[in-house]
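In case you want the letters, here they are:
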Amino acid sequence: MICRSKAPLRLGLAGGGSDVSPFSELYGGAVLNATIDQYAHCTIEETDNNTIEINAADLNCRRIYESSLVLPADGMLDLHKGVYNRVVKDFGISKALSFRMTTWCDAPPGSGLGSSSTMVVAVLKAFAEWLNLPMGDYDLAYMAYRIERMDLALRGGKQDQYAATFGGFNFIEFHKDDRVIVNPLRIKRWIIDELEASMVLFYTGASRNSDEIIKEQQENTEKGRKTQIEATQRIKESSFIMKEYLLKGDIVGFSKSFDREWENKKMMAGSISNKHIENIYEAALKAGAYGGKVSGAGGGGFMFFSVNPEKRINLINTLTRFTGRVVNFHFSEHGCQAWKLNDTWKQ
């Protein structure tokens, strides 16, 4: 038996940071995001040799373990092993499994597109397909969140797991006690087409570790630092405003909101921006962009901008003068998916 899965990466359009604890518990969070046709992929092949083989093909990292009910979290492929350990524990699996797992992601680690969380969702979905686990979308997203934030103690927010699971354009609200409400948005096709014509996704060529940025955000909230908390509040409020712009098809109003969102985002933590990012941003504005921002926690990875489609080529030509590359994309309608294949595929 072979099972495959794929989960879409996301663009955090507005509200990012308000989904990070403890802010979301104290004040409530709200984000607007959309998934794109860049994916995290997982294949699980059942074997009978009493081993567990994990191969992160894009990271050139492969490990083989004897079949066991618990795999050690030792800093090597911990996301993959964390999913396995949680599945075994929560679903009462009493006999160690034997399988070969291969994963890869269309975007590099530290991209700001939620690649780590999306990979957890993809791996979990592959296990659910293989083992016929009774999991709905909310169950899948919440378990993926627990694996990352609780089991592995990795810092981050809550939006990525839900975006990858549900897919499409979503307005997601976060409340205390880990209560999450996903509101799928019915965006008209012409609005999506106009967005795709207007937006440019640029990889800065530098991945980043979001841990320190998230840590600083959390400390700012815990210590009650007014400037940073108020900036996060404004970012949260912008997700409501930008949702309305989007639903009404006011692309210019939506696009100009990115600039205000970015200015507030930079106030949340000192390492969100740097000279390289600011140089790219200023050049993009001079090339005609209405606004833009760094995707995810900040510090590097992907940036995206919105521009009048007639000036799009000019913006692209400007960005290509910097180290990095423009990445073409389309918005993805579907969330995480999984399917089974029979063994004839191996022949």
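Structure: above.
The model shown is predicted, which means the values in this text are computed figures rather than measured ones.

1. Focus on the overall build of the protein
Argument step 1. Counting its regular elements, the protein contains 11 helices and 12 strands.
Argument step 2. Rg of the C-alpha trace for the protein: 20 Å, near the compact-globule value of 20 Å for 347 residues, within the 12% margin.
Argument step 3. If one aligns the C-alpha atoms of the protein with their principal axes, the spans along those axes are about 60 × 45 × 35 Å.
Argument step 4. The burial tally for the protein puts 56% of its 347 residues in the buried class.
Argument step 5. Of the roughly 14900 Å² that the protein leaves accessible, carbon and sulfur atoms contribute 48%.
Argument step 6. The centroid of the 42 positive side-chain charges in the protein is displaced by 3 Å from the centroid of its 42 negative side-chain charges.

2. Thoughts on the layout of surface pockets
Argument step 1. The volume enclosed by the second largest pocket comes to roughly 270 Å³.
Argument step 2. Lining of the second largest pocket is provided by 14 residues; of these, Gly168, Phe169, Leu185, Ile192 and Glu333 occupy positions nearest its centre.
Argument step 3. Counting only elements with at least two residues in the lining of the second largest pocket, the list comes to β6 (169–175) and α6 (189–198).
Argument step 4. Across the lining of the second largest pocket, the residue classes tally to seven nonpolar, four polar and three charged.

3. Notes on the packing of helix α3 (residues 115–131) against helix α5 (residues 159–166)
Argument step 1. Remark: α3 packs on α5, axes separated minimally by 8 Å, with the N-to-C direction vectors making an angle of 50 degrees. Put simply, α3 runs oblique to α5. In this structure, α3 meets α5 at a crossing whose hand is right-handed. Residue-level contacts link Ser117, Thr118 and Val121 of α3 to Asp160, Gln161, Ala164 and Thr165 of α5.

4. Structural notes on the pairing of strand β3 (residues 51–56)
Argument step 1. Strand direction decides the pairing type here: β3 and strand β4 (residues 61–66), joined by six bridges, are antiparallel. Across the sheet, residue Ala56 finds its bridge partner in β4, namely Cys61.
Argument step 2. Counted between consecutive antiparallel strands, the loop separating β3 from β4 contains four residues, among which Asn60 sits at a positive phi close to 55 degrees.
Argument step 3. In this sheet, strand β5 (residues 99–105) lies alongside β3 in parallel orientation, the contact comprising five bridges. Directly across from Asn55, in β5, lies its bridge partner Thr102.

Calculation rules
Residues numbered from 1 in each chain as written. Predicted model: local features only at pLDDT ≥ 70, side-chain atom pairs only at ≥ 80, totals over all residues. Heavy atoms only, no water. Helix = DSSP H or I, 4+ residues; strand = E, 2+ residues; numbered from the N terminus. Rg over C-alpha atoms; globule rule 2.2 N^0.38 Å. Buried < 20%, exposed > 50% of the residue type's maximum accessible area, 1.4 Å probe, protein only. Areas by Shrake-Rupley, 256 points an atom, 1.4 Å probe, with all protein chains shown as cover. Lys, Arg positive; Asp, Glu negative; His and termini not counted. Charge placed at Lys NZ, Arg CZ, Asp CG, Glu CD. 1 Å grid on protein atoms, 1.4 Å probe; cavity = no way out; pocket = protein on both sides within 12 Å on 5 of 7 lines; lining within 4 Å. Points joined across faces, edges and corners; volume = space filled by probe spheres on them. Nonpolar A, V, L, I, M, F, W, Y, C, P; charged D, E, K, R; others polar. Axes fitted to C-alpha atoms, helices over the stretch in contact; angles between N-to-C directions. Parallel < 35°, antiparallel > 145°, perpendicular 65-115°, else oblique. Left-handed = near helix turned anticlockwise from the far one by under 90°. Contact = heavy atoms within 4.5 Å. Pairing = 2+ DSSP bridges.

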